[in-house]
Amino acid sequence: DGGRWESRWLTKRLDCQLHDALAFAANALPAWCTQLPRAFPFLFSLQSRLGLLHCTAFGSSHALYRFQEVKIASYRSKQAEHWRAAQQRLARAREQQDIDGISRASDDIDDIERRIYSKRIGAIASDLARVSR
């Protein structure tokens, strides 16, 4: 049984540390967070160890990107139906060669993506440009 030696308390503590974006940005993760899972991996859940891998093995920029993606995942799922509908309107407009329809659907998609990106940590609004048509 894989969970026989697993410590729920240690796993919970590690998960708490893995959700602290500031600790990764400042490179201030407590030493035990990397040392204990390396020495005694059976004490931690697989999910926690994978989270630790994603947060430490690929550098701080990857860790912060992962935090951003986790942060906006629920908002993105709420916007998914609107995004799908706008994509379908865009496909229909392209099929009918309706320039105004293409423009409106593209604007709707841009607006949805802008709202999603604004939910990120340190919103990356500078990467988005809105061009009037």
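Notes on the structure in this doc start here. (Residues numbered from 1 in each chain as written. Predicted model: local features only at pLDDT ≥ 70, side-chain atom pairs only at ≥ 80, totals over all residues. Heavy atoms only, no water.)

1. Section: the nonpolar core
What counts, and what does not: Only buried residues count toward a nonpolar core. Its members are Ala, Val, Leu, Ile, Met, Phe, Trp, Tyr and Cys residues joined through side-chain atoms within 4.5 Å. The buried label goes to any residue with under 20% of its type's maximum accessible area, the exposed label to any with over 50%, and the partly exposed label to all in between, with areas taken from a 1.4 Å probe on protein chains only. Helix and strand labels come from DSSP, where a helix needs a run of H or I of at least four residues and a strand needs a run of E of at least two; each type is numbered from the N terminus. Contacts: residue pairs with any heavy atoms within 4.5 Å of one another.
Counting 12 residues, the largest nonpolar core is built from L10, L14, L18, F24, L29, C33, L43, F44, L52, C55, A63 and F67. Among the elements of the structure, α1 (8–18), α4 (46–56) and α5 (60–95) are those that each provide at least two residues to this core. If you tally residues by element for this core, the top one is α1, at 3 residues. Aside from chain neighbours lying at most four places away, what touches L10 is L36, L43 and F44. If you look at the next biggest cluster of nonpolar residues, it comprises 8 residues, including I72, Y75, A105 and I112.

2. A short note on the packing of aromatic side chains
Heads up, the rule is: Pairing of aromatic rings covers Phe, Tyr and the six-membered ring of Trp, with a centre-to-centre limit of 6.5 Å; geometry is then stacked below 30 degrees between planes, edge-to-face above 60, and tilted otherwise.
Per the stated rule, a full pass over the model turns up 2 aromatic pairs. With a centroid separation of 6.5 Å and 75° between ring planes, the pair formed by W5 and F42 is classed as edge-to-face. Of the two residues, W5 is situated in the segment before α1 and F42 in the loop between α3 (32–39) and α4; the sequence distance between them amounts to 37 residues. Residue F42 is classed as partly exposed on the basis of its relative accessible area, which comes to 40%. Each ring, one from F40 and one from F42, has its centre 6.1 Å from the other, and the planes form 80°; the classification is edge-to-face.

3. Focus: the packing of α4 against α5
Rule in force here: Think of each axis as a best-fit line through the C-alpha atoms, taken over the contacting stretch in the case of a helix, with angles from 0 to 180 degrees between the N-to-C directions. An angle below 35 degrees is treated as roughly parallel, one above 145 as roughly antiparallel, one from 65 to 115 as roughly perpendicular, and anything else as oblique. For this classification, Asp, Glu, Lys and Arg are treated as charged, while Ala, Val, Leu, Ile, Met, Phe, Trp, Tyr, Cys and Pro are nonpolar and the rest, including Gly, are polar.
Closest axis-to-axis distance for the α4/α5 pair is 6 Å, and the angle between their directions is 125°. It follows from the interaxial angle that α4 and α5 lie oblique. In this structure, α4 uses G51, H54 and C55 to contact α5, whose residues at the interface are H62, A63, R66 and F67. Here the residues of the contact of α4 with α5 sort into 3 nonpolar, 3 polar and 1 charged.

4. What to know about the environment of L52
Checked against the element boundaries, L52 lands in helix α4. For L52, a relative accessible area of 9% translates into the label buried. Along the chain, L52 and T34 lie 18 residues apart, while their C-alpha atoms are 7.8 Å from each other. Once you skip the residues sitting within four places of it in the chain, L52 turns out to touch L14, L18, L29, C33, T34, P37 and A57.

5. A closer look at the pattern of salt bridges
Quick note on the threshold: Only one rule defines a salt bridge in this text: a Lys or Arg side-chain nitrogen within 4 Å of an Asp or Glu carboxyl oxygen.
Within this structure, the stated rule accounts for 5 salt bridges. For R84, the salt bridge identified is with E81, shortest N-O distance 3.3 Å. With R84 and E81 both in helix α5 and 3 residues apart, the pair spans about one turn of that helix. With a shortest N-O distance of 2.6 Å, D111 and R115 are connected by a salt bridge. Of this pair, D111 and R115 both sit in helix α6 (residues 99–118), 4 residues apart, which is roughly one turn of the helix. A cluster of three or more residues bridged by salt bridges with shared partners is formed by D111, R114 and R115.

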